[in-house]
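Residue-level listing of the chains:
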Amino acid sequence: MIVFAQLSDTHLDGGDHRAERTARVMDHLNGVPLDAVLVTGDVADHGEPAEYEQARKALASRHPVLTCPGNHDVRGPFREVLLDEPPSGGPVNRVHEIAGATFLMCDSTVPGADHGRLDDETIGWLDRSLAEAPDAPAFVCFHHPPATLQVPYVDGIRQFGERRLSEVVLRHPQVVAVLCGHAHTAAATTFAGRPLLVAPGVVSTLRLPWQEGDIADMDAPPGVAFHVLDDEGRLTTHYRTF
């Protein structure tokens, strides 16, 4: 059995308020047994190096922490501060083998834009990486959902060009699920015949079109998803707030 947590959209900005919300989540996660913690983008609010320094401390964990960028992130500082790598501007794609599973952290960002798209380099990398581990359960992870969530604001800045991604997922039956963030709401749908699971936001919670108030509820508690893959290959997801 594999148990891992997914959080998203911390939007750390150097201030105390968002850092406290992130700490609330991480304090809980550091107190429970997990195989990994996934952070699916928008780690920083403005992509500034100081924000990533704050994130590096806030996201410190006794568990492996796997990250990918979101549309508020900037690849150079993200790579340099969080990953200890030279600050190049290419897509930040990483594959991790943990507890017998493959986690593919993909860069769905389009620099300077709010919507997402997996570029040709990323699509090729994803296809090759999946082909190298055909027998290990795999999770494809990125920031932008590649399908509509029936929320016009989010759907207008989702991941586009998704047909190419769908073709890759369909070629690799070991893909258990597609995991993303960006929407600031816990959600579940399907993509390429697999579960598409959206992590809630840490910084805020999206109000749905039929709910009154501003689009973002800044007072709702931060949330996290817990994903459990059992020995029969069944994935179960629980959502919690703190």
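Calculation notes
Residues numbered from 1 in each chain as written. Predicted model: local features only at pLDDT ≥ 70, side-chain atom pairs only at ≥ 80, totals over all residues. Heavy atoms only, no water. Helix = DSSP H or I, 4+ residues; strand = E, 2+ residues; numbered from the N terminus. Buried < 20%, exposed > 50% of the residue type's maximum accessible area, 1.4 Å probe, protein only. Polar contact = N/O pair within 3.5 Å; in protein donor to acceptor, adjacent residues only side chain to side chain. Contact = heavy atoms within 4.5 Å. 1 Å grid on protein atoms, 1.4 Å probe; cavity = no way out; pocket = protein on both sides within 12 Å on 5 of 7 lines; lining within 4 Å. Points joined across faces, edges and corners; volume = space filled by probe spheres on them. Nonpolar A, V, L, I, M, F, W, Y, C, P; charged D, E, K, R; others polar. Pairing = 2+ DSSP bridges. Axes fitted to C-alpha atoms, helices over the stretch in contact; angles between N-to-C directions. Phe/Tyr/Trp six-rings, centres within 6.5 Å; stacked < 30°, edge-to-face > 60°. Core = buried A, V, L, I, M, F, W, Y, C linked by side-chain atoms within 4.5 Å.

Help me get a handle on the side chain of His-144, residues and values and all.
Within the fold, His-144 resides in the loop between strand S6 (138-141) and helix H5 (152-155). The buried category is assigned to His-144, whose relative accessible area is 0%. There is a polar contact of 2.7 Å between the side chain of His-144 and the side chain of Ser-108. Setting aside residues up to four positions removed in sequence, His-144 forms contacts with Asn-71, Ser-108, Thr-109, Asp-114, His-115, Gly-116, Ile-157, Arg-158, Gln-159, Cys-180 and His-182.

If you had to explain the layout of surface pockets to someone new, which residues and values would you point to?
Taken as a whole, the largest pocket spans an internal volume of roughly 320 Å³. Around the largest pocket, the lining is made up of 19 residues, and of these His-11, His-72, Tyr-153, His-182 and His-184 lie nearest the centre. Its residues assigned to classes, the lining of the largest pocket comprises nine nonpolar, six polar and four charged. Its volume calculated, the second largest pocket comes out at about 210 Å³. Taken together, Ala-55, Arg-56, Leu-59, Ala-60, Val-65, Leu-66, Thr-67, Leu-82, Leu-83, Arg-94 and His-96 form the lining of the second largest pocket.

An account of the sheet that holds strand S4 (residues 94-98) is needed here, citing residue identities and associated values.
Reading across from one edge, S4-S5-S6-S7-S9-S8 is the order of the six strands in this open sheet, with mixed pairing throughout. Strands with a single pairing partner mark the edges of an open sheet, and in this sheet they are S4 and strand S8 (187-191). Pairs of neighbouring strands in the sheet enclose a mean axial angle of 20°, with direction left out of account. Two elements, S4 and strand S5 (residues 101-105), share five bridges in a ladder whose sense is antiparallel. Bridging from a neighbouring strand, His-96 pairs with Phe-103 of S5. Helix-sheet contacts for helix H6 (residues 162-171) involve strand S7 (175-180), S8 and strand S9 (194-198), and the interaxial angle to S8 is about 75°.

Tell me about the packing of aromatic side chains, and please be specific about residues and values.
A ring pair, where both rings are aromatic, is described by two values, the distance of the centres and the angle of the planes. Summed over the entire model, instances satisfying the criterion amount to four aromatic pairs. On the basis of an interplanar angle of 80° and a centroid distance of 5.8 Å, the ring pair of Tyr-52 and Phe-78 is categorised as edge-to-face. Of the two residues, Tyr-52 is situated in helix H2 (residues 49-58) and Phe-78 in helix H3 (residues 75-82); the sequence distance between them amounts to 26 residues. Neither residue differs from the other here; Tyr-52 and Phe-78 are each classed as buried.

So what about the environment of Leu-206? Which residues, and what values?
Along the chain, Leu-206 turns up in strand S10 (residues 205-206). Taking relative accessible area as the criterion, Leu-206 reaches 8% and is therefore assigned buried. Sequence separation between Leu-206 and Val-151 is 55 residues; the distance between their C-alpha atoms is 9.4 Å. With residues near it in sequence (within four places) discarded, Leu-206 still touches Val-151, Val-154, Ala-183, His-184, Thr-185, Gln-211 and Ile-215.

Tell me about the nonpolar core, and please be specific about residues and values.
If you look at the biggest cluster of nonpolar residues, it comprises 27 residues, and the most contacted ones within it are Leu-104, Cys-106, Leu-126, Leu-130, Val-140, Phe-142 and Leu-165. Where this core is concerned, the elements lending two or more residues are helix H4 (120-132), S6, H6, S7, S8 and S9. Take this core: its biggest share by element is four residues, from H4. Setting aside its immediate chain neighbours within four residues, Val-140 contacts Leu-104, Cys-106, Leu-126, Val-175, Ala-177, Val-178 and Leu-179. Formed by 25 residues, the second largest nonpolar core is a distinct cluster that contains Ala-19, Val-25, Val-39 and Val-92.

Lay out the sheet that holds strand S13 (residues 235-241) in plain terms, naming residues and giving numbers.
What the five strands build is an open sheet, ordered S3-S2-S1-S12-S13; its pairing is mixed. Across the chains shown, the open sheet's two edge strands, defined by having one partner strand only, are strand S3 (65-68) and S13. Across the sheet, the mean angle from the axis of one strand to that of its neighbour is 20°, orientation sign disregarded. Direction of pairing for strand S2 (residues 36-40) relative to S3: parallel, over a ladder of four bridges. Note that in S3 the partner of Leu-38 across the bridge is Leu-66.

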